[in-house]
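Listed below are the residues making up each chain.
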Amino acid sequence: VSTLEKQVAVIIMICGVAFFSYVMGSFNDFLRKYDEKLGREDLEGELQNWLASLTRLRKDQQPLSPDLVNDIFEFFQYFWRHDRLNTLNQDDKFLKVLPKSLKKEIISYLFSDVFYYCRFFFLSKYPKFRNDLAFSFLPREFKPGQLLLKENTEVYEMVFIMSGIVEIGVEIKNKFVSVLTFDRKGIFFGDYNIISGKKPGYSVRAVNYVEALALPKEDVLLRLEENKDLKDILTKQAFKRNYMILEAVQKIKKENSSIYAFAHNIGERTKHTGGKVALPSILRGVNLRRVDIAKKKERNRKKITRMISDIQTFKDNIKTFTAQCTGEMDILLKQLEVLNAEDSEPEEDNLTVHSGDTGGQ
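Throughout this description, residue numbers start from 1 for each chain and increase along the sequence as written. In keeping with the predicted nature of the model, local features appear solely for residues at pLDDT of at least 70, side-chain atom pairs appear and are counted solely at 80 or more, and the whole-chain, interface and lining totals rest on all residues. For the side-chain quantities, the full set of heavy atoms in the structure was used; hydrogens and water were omitted.

Some details on the sheet that holds strand β1 (residues 138-142)
And step 1. What makes two strands pair is DSSP finding at least two bridges between them. A run of DSSP states H or I qualifies as a helix once it reaches four residues; a run of E qualifies as a strand once it reaches two. Both are numbered from the N-terminal end. Spatially, β1-β8-β3-β6 is the arrangement adopted by the four strands of the open sheet, whose pairing is antiparallel. If you trace the sheet from one side to the other, it starts and ends with β1 and β6 (188-189), each paired once.
And step 2. Pairing geometry for strand β3 (residues 157-163) and β6, over two bridges, is antiparallel. When the bridges of β6 are listed, Phe160 appears paired with Phe188.
And step 3. Whether two residues touch is decided by their heavy atoms; if any such pair falls within 4.5 Å, the residues are in contact. Here the axes come from fitting lines to C-alpha atoms, over the contacting stretch only for helices, and the angles between their N-to-C directions go from 0 to 180 degrees. The strands touched by helix α8 (residues 217-226) are β3 and β8 (210-216); relative to β8, the strand with the most contacts, the crossing angle is about 55°.

Structure follows, in C-alpha cells:
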C-alpha cells in the first residue's frame, strides 16, 4: 500500500467520524426540539378537537371567533411551557414509590423560589401544607393593564407574583385610580377573599408584563381545613393586610368623591347663572392647582431675573470701582515719584557749592 493510499484512507476515516457526529448531533437536536415544541402537537391536536366539539354543541354550528381561538392557544402554549408539574403529579408511578423524604426534596427543588419569596404564606413550620399545595400550582401570565383581581367580583384563585409590577386601585367614574404599587417578587393576593368568602373591595392590575402562579380556591380551602393552626395564623394575617389596603382605598375614594361632589355642584350652579359662578376655595385649590403653580413659577422666574440683574449691576460696579482705584493709585504713585525727585535736587546743589569753596582756598 502506497503512502498516498494510506493518507486517503485516513482522510476518509476522519470525514466518516465527522459526518457521523454531525448526523447524531442533528438527530439529538431534533429530539430535543420535539420534546420542547413538537411534543405538544398531540396536546394541540386534542385542543383543536375540543374547540371543534364546542362548535358542534351550537345549533347553528357557528365557529368561535379567531381572536378567542388565538387567546386560548396562547394561554395553553404559555401554560405547557411553564408548568413545572407537566410530567409530575401525585399519582405519578415513580413518585408513589418514593419515600416522603425524597418527595419533599423533589418538591423543594421544583418550587424552592416560590417557598422562599412567598414564605409569609408557605410557613416553614408546615412543610406538608406547602408540599401538598405545590401540586396545585398553575402558571399564569398577565399583560399590562390586565386585571388579576376585579373589584366586587368573585375570587376563584389565589395569585402569587413571580415577576413584574402590579398596582391596587379602584374604579371611580369609569377610571382606574391607583392606590398602591408593588414591585416585589412573592407578593400575593386573594387569600383574604378565599378565606372570608367576600368579594374584594379593590382591583389588582398588572402595570407591566407579570408572571405568576395561581392556586385554585378549592385546593387552598381544603389544605387549610387540614391545618387548623395554620389557618388561624394565615386568617389573621390576611385580615390585617386587607384592612390596611382598604384604609388606603377608602382614603382615595373619599378624596375623589369630595372633588367630584364639588365639581357636580359647581356644574349645577353654572347652569343657573349663565356660566358665571365663583368657585369655592377648596375646589379652586384642587382643580386650579396647575394655574397656581404656573403663577408661582412666573413669580419665581421674575425674582430670579431681578437677582441676576442686580448681581450683574454689582459686578459692573465692582469693575468700575476697581478701575477708579487703579487710576487713583497710579496718580498717587506719580505724585510720590515727583516729590521724591524734588527732595533729592537741593542736596546735589549743596554738594556742588561746598566743593567749589574748598578748591578756592
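Section: the confidence of the model for the protein chain
Detailed reading of the predicted coordinates is not advisable wherever pLDDT falls low.
And step 1. For the protein chain, per-residue confidence averages 79 on the pLDDT scale, and residues scoring 70 or more make up 78% of the total.
And step 2. Contacts for the low-pLDDT stretch residues 275-290, under 50 throughout, to residues beyond four places or in other chains number 21 contacts.
And step 3. Scored between 0 and 100, pLDDT is the confidence that the predictor attaches to each residue. The low-confidence segment residues 347-361, where pLDDT is below 50, has zero contacts with residues more than four positions distant or belonging to other chains.

Brief notes about a nonpolar patch on the surface
And step 1. There is a patch of nonpolar side chains on the surface, built from Met329, Leu332, Leu333, Leu336 and Leu339 and spanning about 470 Å² of accessible area.
And step 2. Locating Leu339 in the fold gives a position in helix α11 (residues 289-360).
And step 3. The buried label applies to any residue whose accessible area, calculated with a 1.4 Å probe on protein chains only, is under 20% of its type's maximum; exposed applies above 50%, and partly exposed to all values in between. Taking the relative accessible area as the measure of exposure, Leu339 reaches 47% and is therefore partly exposed. Exposure above 30% relative accessible area and the lack of any salt bridge qualify a residue for a patch; like charges then connect within 9 Å, and the nonpolar side chains Val, Leu, Ile, Met, Phe, Trp and Tyr within 5 Å. Where accessible areas are quoted, they stem from the Shrake-Rupley method and a 1.4 Å probe; at the residue level, only the protein chains shown are allowed to cover. The salt bridge definition used is simple: a Lys or Arg side-chain nitrogen within 4 Å of an Asp or Glu carboxyl oxygen.

Notes on the pairing of strand β4 (residues 166-172)
And step 1. Of all seven residues making up β4, six are buried, and the element is well covered by its neighbours.
And step 2. Judged from the seven bridges that link them, β4 and strand β5 (residues 175-182) form a sheet pairing that is antiparallel. Counterpart to Ile168 in the pairing with β5 is Leu180.
And step 3. Counted along the chain from β4 to the antiparallel partner β5, the turn is two residues long, and its residue Lys173 has a positive phi close to 55°.
And step 4. The pairing of β4 with strand β7 (residues 203-206) spans four bridges and is classified as antiparallel. Pairing of Gly169 across the sheet is with Ser203, part of β7.

Quick word on helix α5 (residues 100-117)
Think of an α-helix as turning once every 3.6 residues; residues three or four places apart then point the same way.
And step 1. Taking 1.5 Å per residue, 18 residues should reach 26 Å; α5 reaches 24 Å between its end C-alpha atoms and fits that length.
And step 2. A residue's bend is given by the angle between axes fitted to the 7 residues ending at it and the 7 residues starting at it. A bend of about 75° at Phe111 is the largest found in α5.
And step 3. Along α5, the positions that sit buried rather than exposed are Ile107, Phe111, Val114 and Phe115.
And step 4. In this structure, the buried residues of α5 make contact with α6 (127-134), β3 and β8. For a helix, the expected span equals 1.5 Å multiplied by the residue count minus one.

Comments concerning the layout of surface pockets
And step 1. Roughly 320 Å³ of internal volume is contained in the largest pocket.
And step 2. In this analysis the probe radius is 1.4 Å and the grid spacing 1 Å, with only protein atoms considered; a cavity is a set of points the probe fits into but cannot get out of, a pocket is an open set with protein on both sides within 12 Å along at least five of seven lines, and lining residues have an atom within 4 Å of a point. For the largest pocket, the lining is made up of ten residues, of which Lys100, Lys103, Asn131, Asp132 and Phe135 are closest to its centre.
And step 3. Among the secondary structure elements, those contributing two or more residues to the lining of the largest pocket are α5 and α6.
And step 4. For the lining of the largest pocket, the element with the highest residue contribution is α5, accounting for four residues.
And step 5. Here the residues of the lining of the largest pocket are counted per class, giving three nonpolar, two polar and five charged. Grid points are joined across faces, edges and corners, and a volume is the space filled by probe spheres set on the points. Gly falls in the polar group here, along with every residue not listed as nonpolar (Ala, Val, Leu, Ile, Met, Phe, Trp, Tyr, Cys, Pro) or charged (Asp, Glu, Lys, Arg).

Remarks on the sheet that holds β4
Remark on secondary structure: sheet strands pair via backbone hydrogen bonds, oriented parallel or antiparallel.
And step 1. Spatial strand order, β2-β7-β4-β5: four strands in an open sheet with antiparallel pairing. The sheet is open, and its two borders are formed by β2 (147-149) and β5, each paired with just one other strand. Averaged over neighbouring strand pairs, the angle between their axes works out to 40° when direction is ignored.
And step 2. Sheet analysis places β2 next to β7, joined by two bridges and oriented antiparallel.

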